Amino acid sequence: MSYLKKLEYEIIPTESFSVIRNCSGCGTKMHYINTKRFRVNANGNKLDVWLIYQCEKCKHTLNLTIYERRTAASIPKEEYRRFLSNDEELAEEYGKKIPFFQNNKAEIDFGCIPYRCIKKSETELTTAAGYETRLVIQNPYRLKIRPEKQLSEVLGVSVNRIRKLTEQEIIRFEVISAQIISASARTGPT
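Residues numbered from 1 in each chain as written. Predicted model: local features only at pLDDT ≥ 70, side-chain atom pairs only at ≥ 80, totals over all residues. Heavy atoms only, no water.

**Re the environment of A73**
Right, so step 1: Here A73 lies in the loop between strand 5 (61-71) and helix 1 (77-84).
Right, so step 2: Judged by its relative accessible area of 79%, A73 is exposed.
Right, so step 3: Taking C-alpha positions, A73 is 39 Å from Y9, a pair spaced 64 residues apart along the chain. (Helix = DSSP H or I, 4+ residues; strand = E, 2+ residues; numbered from the N terminus. Buried < 20%, exposed > 50% of the residue type's maximum accessible area, 1.4 Å probe, protein only.)

**Quick word on the sheet that holds strand 3 (residues 28-43)**
Right, so step 1: Pairing is antiparallel in the open sheet, where five strands are placed in the order 5-4-3-2-6. The open sheet has two free edges, formed respectively by strand 5 and strand 6 (107-108), since each of these has just one partner strand.
Right, so step 2: As defined by bridge partners, strand 2 (residues 19-23) adjoins strand 6 across two bridges and the pair is classed as antiparallel. By the bridge assignment, V19 is partnered in strand 6 with I108. (Pairing = 2+ DSSP bridges.)

**As for the packing of helix 4 (residues 147-155) against helix 5 (residues 159-167)**
Right, so step 1: Between helix 4 and helix 5, the least distance of the axes is 8 Å, while the angle of their chain directions is 105°. What the angle tells us is that helix 4 and helix 5 run roughly perpendicular. Between helix 4, through E148, K149, L151, S152 and L155, and helix 5, the contact on the second element is made entirely by V159, I162 and R163.
Right, so step 2: Partitioning the contact of helix 4 with helix 5 into residue classes produces four nonpolar, one polar and three charged. (Axes fitted to C-alpha atoms, helices over the stretch in contact; angles between N-to-C directions. Parallel < 35°, antiparallel > 145°, perpendicular 65-115°, else oblique. Contact = heavy atoms within 4.5 Å. Nonpolar A, V, L, I, M, F, W, Y, C, P; charged D, E, K, R; others polar.)

**Overview of the layout of surface pockets**
Right, so step 1: Computed from the structure, the largest pocket encloses a volume of approximately 190 Å³.
Right, so step 2: If you trace the largest pocket, you find 13 residues lining it, with T133, L155, I171, S184 and A185 closest to the centre.
Right, so step 3: Elements with a contribution of two residues or more to the lining of the largest pocket: strand 8 (131-138), helix 4 and strand 10 (180-186).
Right, so step 4: Counted by class, the lining of the largest pocket contains nine nonpolar, three polar and one charged residues. (1 Å grid on protein atoms, 1.4 Å probe; cavity = no way out; pocket = protein on both sides within 12 Å on 5 of 7 lines; lining within 4 Å. Points joined across faces, edges and corners; volume = space filled by probe spheres on them.)

**Brief notes about the pattern of salt bridges**
Right, so step 1: A full pass over the atoms with the stated rule returns 12 salt bridges.
Right, so step 2: As a salt-bridge pair, R82 and D87 come within 3.3 Å of each other at their nearest N and O atoms.
Right, so step 3: Classification of R82 as buried rests on a relative accessible area of 16%.
Right, so step 4: Within this structure, K5, K119 and E122 form a network of salt bridges that share partners. (Salt bridge = Lys/Arg side-chain N within 4 Å of Asp/Glu carboxyl O.)

Shown next as structure tokens:
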């Protein structure tokens, strides 16, 4: 009897993305961090909603636009309520949405994003292909992490060890997209 074990992991950032931007207070490029606070401004019957970021050194602020010149009726009521109450969970959600930063032309610092790998599922099947373990790592936030680093994080071994196992063809992996890598290894008798 043959055996296939399939493991699926997902890479999740543990904090909001930080923004790199020139700071007028510091006079140089600085990191701006999510304050987890919103600014809602009314001008007549139109609303603007921003997520407030702040220079980590001098506390100058940067407002990133969520909604601009919208009627209150066009914003979902529950979301509007959460903006007004400075809902930290909602601020974290926006702080991890890449399109939100792209719309604001804000440069994300991909080099210092803390993250963790979460096991999503584990499946065991019997097959005719021998003993094999297949690993799929999803990166829905498109964090810039080398495939070898992703494998080392999930497997708990060094990047050098992953490279050696790849050279020896014990592990084979392919980058399916910026969001998914797949790896497989034959284990046990063939």
